[in-house]
Amino acid sequence: MSKHHLIWNENVHPVGIAAIDRQHREIIERVNLISDMVAQGNRHEATQEEMEDLILFTVEHFALEERLMAEYGFPGLDTHIAEHAILFQQIDNLRNALRTPNPTKAALVSAFLTDWAEQHILHSDKEIGAFLAARGCSQ
Ligand SMILES: [Fe+2]
Ligand SMILES: [Fe+2]
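Residues numbered from 1 in each chain as written. Chains lettered and ligands numbered in written order. Predicted model: local features only at pLDDT ≥ 70, side-chain atom pairs only at ≥ 80, totals over all residues. Heavy atoms only, no water.

A few points about the coordination of the iron ion (ligand 1)
Argument step 1. At 2.0 to 2.2 Å from the iron ion (ligand 1) lie its protein donor atoms, namely Glu65 (OE), His80 (NE2), His84 (NE2), His120 (NE2) and Asp125 (OD).
Argument step 2. Along the chain, the residues that donate to the iron ion (ligand 1) are spaced as E-x14-H-x3-H-x35-H-x4-D.
Argument step 3. Between the iron ion (ligand 1) and the iron ion (ligand 2) the interatomic distance comes to 3.4 Å, and glutamate 65 is a ligand of both metals. Of the two residues, histidine 84 is situated in helix 3 (residues 77-99) and aspartate 125 in helix 4 (residues 105-134); the sequence distance between them amounts to 41 residues.
Argument step 4. On the accessibility criterion, histidine 84 (1% relative accessible area) is buried. (Donors = N, O, S within 2.8 Å, 3.2 Å for Na, K, Ca; no water. Helix = DSSP H or I, 4+ residues; strand = E, 2+ residues; numbered from the N terminus. Buried < 20%, exposed > 50% of the residue type's maximum accessible area, 1.4 Å probe, protein only.)

Below is the structure:
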């Protein structure tokens, strides 16, 4: 297993809304896979394909969170959407970086995982999870 893997921790990562947690789990698995592919020097094309899939999945994930926040009147909606926009920019940058030979690829994937999974999920997404759960959201 790559040292750049992030391990899903049932005591730490869940935000309390099952649909969001399922997607977060999948996102972490997908980024771990990309991390492995980069570490093993896989074909650019294969890594690119995984990256494209991750991007599509991310679009779906952000849309779910944003829909739930809007539906339940989350007060920090605009700030959260702005964070998603920044993360999306980072994914796009990562996609571009992985397209070309780049000795720091593994570090880039790892930095992305940390920013996203450790920062955004553990802080911002937990806030929306707590808010939604308190309002009886059962997604
Ligand atoms: Fe989010
Ligand atoms: Fe999220």
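Some remarks on the packing of aromatic side chains
Argument step 1. Per the counting criterion, the structure on display carries three aromatic pairs.
Argument step 2. Plain terms: the ring middles of phenylalanine 112 and tryptophan 116 are 5.2 Å apart, the flat faces sit at 65 degrees to each other, and that makes the pair edge-to-face. With phenylalanine 112 and tryptophan 116 both in helix 4, this residue pair falls four residues apart, about one helical turn. With respect to burial, phenylalanine 112 and tryptophan 116 carry one shared label: buried.
Argument step 3. Within the aromatic cluster, the residues linked to one another by ring pairs are Phe62, Phe112 and Trp116. (Phe/Tyr/Trp six-rings, centres within 6.5 Å; stacked < 30°, edge-to-face > 60°.)

Read these as spatial facts, not as claims about activity.
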